[in-house]
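So the chains spell out like this:
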Amino acid sequence: MSTVSEAGVVSAVNKELFIGGKWTAASGDATLDVTDPATGEVLCAVADASPSDGTAALDAAVAAQADWAEVAPRERGEILRRAYEKLMERQDELALLMTLEMGKPLAEAKGEIAYAAEFFRWFAEEAVRIDGGYAVAPNGAGRFLVTKQPVGPCLLITPWNFPMAMGTRKIGPAVAAGCTMVIKPAEQTPLSMLALAGILAESGLPDGVLNVVTTSDAGGVMEPMIRDGRARKLSFTGSTAVGKKLLEQCAGTVLRTSMELGGNAPFLVFEDADLDAAVDGAMQAKMRNIGEACTAANRFYVHSSVADAFSRKLTERMEGLAIGRGTEDGVVVGPLIDSAAIAKVSELVADAAQNGAKVLTGGATVDGPGNFYQPTVLTGVPAKARMSSEEIFGPVAPISTFETEQEALAAANDTEFGLVAYVYTQNIARAIRVSERLETGMVGLNQGVVSNAAVPFGGVKQSGLGREGGTVGIEEFLETKYIAIGGLS
Ligand code: ADP
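Bear in mind the structure is a predicted one, so any value in this text is a computation, not a measurement.

### Description of the pattern of salt bridges
Pairs may arise between side chains of opposite charge once their charged atoms sit close together.
Part 1 of the reasoning: A full pass over the atoms with the stated rule returns 27 salt bridges.
Part 2 of the reasoning: Where Arg256 meets Glu479, a salt bridge forms, and the shortest distance between an N and an O atom there is 3.5 Å. Separated by 223 residues along the polypeptide, Arg256 in strand S11 (residues 256–260) and Glu479 in strand S22 (residues 478–485) bring together distant segments of the chain.
Part 3 of the reasoning: The exposure class of Glu479 is partly exposed, given its relative accessible area of 36%.
Part 4 of the reasoning: For Glu405, the salt bridge identified is with Arg430, shortest N-O distance 2.8 Å. Of this pair, Glu405 sits in helix H13 (residues 405–413) while Arg430 sits in helix H14 (residues 428–437), and the two are 25 residues apart along the sequence.

This is the structure:
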């Protein structure tokens, strides 16, 4: 059990901007409030950066780049390793801080701190494995050297749903590769990132390598930095709509981009599935993070012969979940992030019902303070319902049926998104066939969670560009340089 108090963890965080290794007030001392989504109460205020503060942060990142690129890979790795250890030592207090600003239950917040820390451990190990090449020219006359260099100063933008892990998944490879950076966390959840900046500084990260700007004016602060021309890379996790806008801005200076955008994950249950395992997987794929994940199962397609049994079992499990403030013992369903999220989920459920879906359980908000929505199961959700094509981002499981594998695949692929899909079947030939034909970057095969620091996370189609984590994650922050060697004879 954590020995720290709620007020204690909030007051321990430095609430200013972190620029060039110094904690700095925003210009005009502007601040923005951080709210507990479970109570609607203001937790504290943090600095609210203006565009000129953003430019100062970029100045610091640019100024630190040349020296940082010269730091030995082992030293870069050891800074990450120390930060990994500090994150794990402070897991309880950081989890409580995250629960307060984001709402997820404490057990999940603790899980996220461990997941987040794992990116630092992984990239500490990758920092010393940046490879190159040496080759004899085809005509035998010259030699070719191939080496990898840091991309340069990076701009990183992270969302509110995984306030720590989405940061470490970008900062880890950037630090390992030798890049400096400006990171902008989501306005709803700045505290986890500010705490992380403190930990990295304590771990020996040189001044200016990581700069943090918190702001209520994301577009106003980021666009000048993107258009400035000195940053060389943008890595973004967030909605497809904002991602498209950023890609347009990046075109102006031909910035390299990594984009982790929206999802619309199908969850396929075949007639030969282990049904209890499928229900366990469905609970994870749907309810992890209160359904507020781009990997969340958004559409359940279940073979008609097992659909009633699957729907009944899922409904029983959803009805047994304790709803409440994430700090309370036993709670597994916390609040949604804000009132806009509640409005969106309510609208999507009403639209599905109007289009003929049946509500097996839930289907309403919870009275009282905070942004709570009941765990919900819907059956008979038609393709024309909005939730078949839009991300729900809440605790709602829409179920439809299918008759043939072909029909299931066609429905699963009938979306502009392609992040992840889940497949439950005990038939090995079908498992491979379906996994290969799904138009997604990732597949959970008899498995409801795919996230891991050691794998290439990312999507195809409008779910994004590039991969984070795994052995390819660091490549996103490296440029390849080839040196032609002549004069050898
Ligand atoms: P969500 O709908 O989940 O909040 P967003 O894509 O709006 O997703 O937000 C993800 C991140 O992108 C947040 O840090 C947010 O502040 C930032 N963001 C939103 N709009 C812009 C923008 N126009 N330019 C740069 N960043 C933005």
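### Some remarks on the sheet that holds strand S13 (residues 297–303)
Part 1 of the reasoning: Pairing is mixed across the open sheet formed by seven strands, whose spatial order is S14-S15-S16-S13-S12-S18-S19. Bordering the open sheet on either side are strand S14 (358–361) and strand S19 (442–445), each of which pairs with just one other strand. Pairs of neighbouring strands in the sheet enclose a mean axial angle of 25 degrees, with direction left out of account.
Part 2 of the reasoning: In this structure, strand S18 (residues 420–424) lies alongside S19, joined through four bridges in parallel fashion. Bridge pairing in S19 places Ala421 opposite Val443.
Part 3 of the reasoning: Lying over the sheet, helix H11 (residues 304–319) contacts strand S12 (265–269), S13, S14, strand S15 (376–379) and strand S16 (396–402), oriented at roughly 140 degrees with respect to S13.
Part 4 of the reasoning: Against the sheet, H13 engages S12, S13 and S16, with an angle of about 170 degrees to S13.

### A look at the domain arrangement of the chain
Part 1 of the reasoning: Under the domain assignment used here, the chain contains domain 1 (6–261 + 464–482) and domain 2 (265–452).
Part 2 of the reasoning: In this structure, domain 1 and domain 2 have C-alpha centres spaced 31 Å apart.
Part 3 of the reasoning: Across the boundary between the two partners, domain 1 contributes 25 residues, which contact 28 residues of domain 2.
Part 4 of the reasoning: Here domain 1 meets domain 2 over a buried area of about 2,000 Å², counting both sides, of which 58% is carbon and sulfur.
Part 5 of the reasoning: In terms of surface lost to domain 2, no three residues of domain 1 exceed Pro37, Ala38 and Trp160, which account for 24% of the buried area on that side.
Part 6 of the reasoning: A salt bridge links Asp36 to Arg325; the shortest N-O distance between them is 2.8 Å.
Part 7 of the reasoning: Summed over the shared surface of domain 1 and domain 2, the result is eight residue pairs in polar contact (both at pLDDT 80 or more).
Part 8 of the reasoning: Elements with a minimum of two residues in the side of domain 1 that touches domain 2: helix H4 (91–102) and helix H5 (106–126).
Part 9 of the reasoning: The element contributing the most residues to the side of domain 1 that touches domain 2 is H4, with five residues.
Part 10 of the reasoning: For the side of domain 1 that touches domain 2, the class distribution of residues is eleven nonpolar, seven polar and seven charged.

### Structural notes on the site of the ligand
Part 1 of the reasoning: Close to the ligand lie 16 residues, the nearest being Thr158, Trp160, Lys184, Glu187 and Ser239.
Part 2 of the reasoning: Between the ligand and Ser239 there is a distance of 2.7 Å, counted from an oxygen atom to a side-chain nitrogen or oxygen.
Part 3 of the reasoning: When the ligand is considered free in solution it has 550 Å² of accessible area, and contact with the protein chains removes 78% of it.
Part 4 of the reasoning: Residue assignment for the shell around the ligand shows that the elements contributing at least two residues are helix H8 (218–228), strand S10 (233–237) and helix H9 (240–251).
Part 5 of the reasoning: With three residues, the single largest contributor to the shell around the ligand is H8.
Part 6 of the reasoning: Considering only residue class, the shell around the ligand consists of nine nonpolar, five polar and two charged.

Reading the values: rules and limits
Residues numbered from 1 in each chain as written. Predicted model: local features only at pLDDT ≥ 70, side-chain atom pairs only at ≥ 80, totals over all residues. Heavy atoms only, no water. Salt bridge = Lys/Arg side-chain N within 4 Å of Asp/Glu carboxyl O. Helix = DSSP H or I, 4+ residues; strand = E, 2+ residues; numbered from the N terminus. Buried < 20%, exposed > 50% of the residue type's maximum accessible area, 1.4 Å probe, protein only. Pairing = 2+ DSSP bridges. Axes fitted to C-alpha atoms, helices over the stretch in contact; angles between N-to-C directions. Contact = heavy atoms within 4.5 Å. Domains from an automatic or database assignment. Buried area = accessible area lost by both parts, 1.4 Å probe. Polar contact = N/O pair within 3.5 Å; in protein donor to acceptor, adjacent residues only side chain to side chain. Nonpolar A, V, L, I, M, F, W, Y, C, P; charged D, E, K, R; others polar. Near = heavy atom within 4 Å. Areas by Shrake-Rupley, 256 points an atom, 1.4 Å probe, with all protein chains shown as cover.

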